[in-house]
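Residues per chain, in single letters:
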Amino acid sequence: MTLTWPIVAAVLLGALLHASWNALIKSGHDKALDTALIHVMGCAAGAVLILAAGPPRVQALPWLAASLVVHLGYYIALAGAYRHGDLGLTYPIMRGGGPLLVALALFASGGAIIDESIALATWLGVAGISGGVLLVGMSPSAAGGNHRRALQFALLNACIVATYTIIDGIGVRASGNALQYVALLFMLDGLPYFALVMHRRGRDGRRAAWAHMRGRWPLALLGTGASLGSYGIALWAMTRAPLAAVAALRETSVLFAVLLGTVLLKERFGPRRAAGTICIVGGVMALRLAPG
C-alpha cells in the first residue's frame, strides 16, 4: 500500500469537509443538538446508500458494531469541547493527538493489530502533523469559555479518535468496500446520540429542540453531506494506503478549521498557529515521501 498523490488530494478534500461541518456546529448556539441533527440526517443518507450499494460483508459487522459504541462517546465529547472552548483551541487538540496514538498503538502491537510497518519518514510525518496541530491548539484562545474543561474534553476525544480510526481501518478492509461500510455506519450511527440528546431535554426542552431543528435543518443537511463525504474518503483511503499515514494526513483538516475559525468565527490567528501550519505542511510532505 502506497500513499500516492491522488490519495493525498482525496484525503485533503475530506479534511476540508471535516473542518466545514465542525465549524457549522461551533457556529450554532446549541452544539449538542446540531451535532445530533447532522448525524440523525446521516441515517437517511446511509439508508439510501445501502439500497444503492448493498451491505458490507459479514466479517465487517463486529468492527462496525464496536465503532458505533465508540462514536457515541465521540459525539458526547465533541459537543462538550465546543461548549467550553473555541474551534481553534479544541479542534486541533482533538484531531492532533489521534494519529500519533494510532501510530504508537500499531508500533506497540508489533503487527498484531494491523500488519503494517511504520517507516522513518512516516514517523516524521505523523510527528510533524501531530506536533503542528497541537502547537496550533496551544495558541491563546478567545476570551470566555472554560479552558480547562474544554481541554479535558478535547484530550478525551483524541483518544476516542485513535480508537475508532483503528477499529474502522480494520473494519473497512474486512468489508472490501468503503462505500458499503460507511453507508451502514451512518445509517446506524446517528440514532443513539440523537435519542440521548432528546431524552436529556425533557418535555419542554424537546419542544424547543424541534423548533430549533426546523430552522436549522438546511445547514445541517450540508453538514451531513460534509461528514459523510469526509469519512467516506478517509475509509476509502485506508483500503489503499497505510493506516497511520492516512490517519495523520486526515488531520490536516485543522488548517481548514483554523482558517474557518479565523475568517467566519472571528477567532484570532497568531504566530503559534502560523508555526503549527508550517509543521503540518512539512509532515504532509514527509508522509508522501515515505516508502510504500
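Up top is the structure these notes are about.
Here's what I pulled together on the structure shown here. (Residues numbered from 1 in each chain as written. Predicted model: local features only at pLDDT ≥ 70, side-chain atom pairs only at ≥ 80, totals over all residues. Heavy atoms only, no water.)

Time to look at the overall build of the protein. Of the regular secondary structure elements, the protein holds 10 helices and zero strands. Overall, the protein shows an N-to-C arrangement of helices and strands of α-α-α-α-α-α-α-α-α-α. Since a compact globule built from 292 residues should have a radius of gyration of about 19 Å, the 18 Å found for the protein is in line with a globular shape. If one aligns the C-alpha atoms of the protein with their principal axes, the spans along those axes are about 55 × 50 × 30 Å. Residues counted as buried form 54% of the 292 residues belonging to the protein. Across the protein, every contact between residues at least 6 apart in sequence was considered, and the portion connecting residues at least 24 apart equals 88%. Working note: accessible area of the protein is about 12,200 Å², and carbon and sulfur atoms make up 70% of it. (Helix = DSSP H or I, 4+ residues; strand = E, 2+ residues; numbered from the N terminus. Rg over C-alpha atoms; globule rule 2.2 N^0.38 Å. Buried < 20%, exposed > 50% of the residue type's maximum accessible area, 1.4 Å probe, protein only. Contact = heavy atoms within 4.5 Å. Areas by Shrake-Rupley, 256 points an atom, 1.4 Å probe, with all protein chains shown as cover.)

We now examine the pattern of salt bridges. Throughout the structure, instances matching the rule amount to four salt bridges. Close ionic contact of Arg173 with Glu116 constitutes a salt bridge, the shortest N to O distance being 2.7 Å. Taken together, the residues span a long stretch of sequence, with Arg173 in helix α6 (residues 147-175) and Glu116 in the loop between α4 (87-109) and α5 (120-137) at a distance of 57 residues. Residue Glu116 is classed as buried on the basis of its relative accessible area, which comes to 18%. A salt bridge links Asp204 to Arg207, with the nearest nitrogen and oxygen atoms 2.3 Å apart. In this pair, Asp204 and Arg207 both sit in helix α7 (residues 178-238), three residues apart, roughly one turn of the helix. (Salt bridge = Lys/Arg side-chain N within 4 Å of Asp/Glu carboxyl O.)

With 61 residues, α7 extends only 9 Å from end C-alpha to end C-alpha; this falls clearly short of the ideal 90 Å at 1.5 Å per step. Its side-chain oxygen 3.0 Å from the backbone nitrogen of Leu179, Asn177 forms the N-cap of α7. (Expected span 1.5 Å × (residues − 1). Polar contact = N/O pair within 3.5 Å; in protein donor to acceptor, adjacent residues only side chain to side chain.)

Bringing the side chain of Asn157 into the picture now. Locating Asn157 in the fold gives a position in helix α6. We classify Asn157 as buried; its relative accessible area is 0%. At 3.4 Å, the side chain of Asn157 and the backbone oxygen of Tyr74 are in polar contact. Excluding anything up to four places from it in sequence, Asn157 contacts Gly73, Tyr74, Ala77, Leu78 and Met94.

For the rest of this paragraph, the subject is the nonpolar core. Counting residues in each nonpolar core, the largest one holds 87 residues, and the members touching the most others are Leu3, Tyr74, Tyr231, Leu235 and Leu287. Counting residues per element, this core draws most heavily on α7, at 21 residues. With near-sequence residues (within four places) excluded, Tyr74 lies in contact with His18, Trp21, Arg95, Asn157, Ile160, Val161 and Tyr164. (Core = buried A, V, L, I, M, F, W, Y, C linked by side-chain atoms within 4.5 Å.)

On to the environment of Ile129. Its location among the elements puts Ile129 in helix α5. Separated by 128 residues in sequence, Ile129 and Met1 have C-alpha atoms that sit 21 Å apart. Setting aside its immediate chain neighbours within four residues, Ile129 contacts Ala248, Leu249, Glu251, Thr252, Cys279, Ile280, Gly283, Val284 and Leu287.

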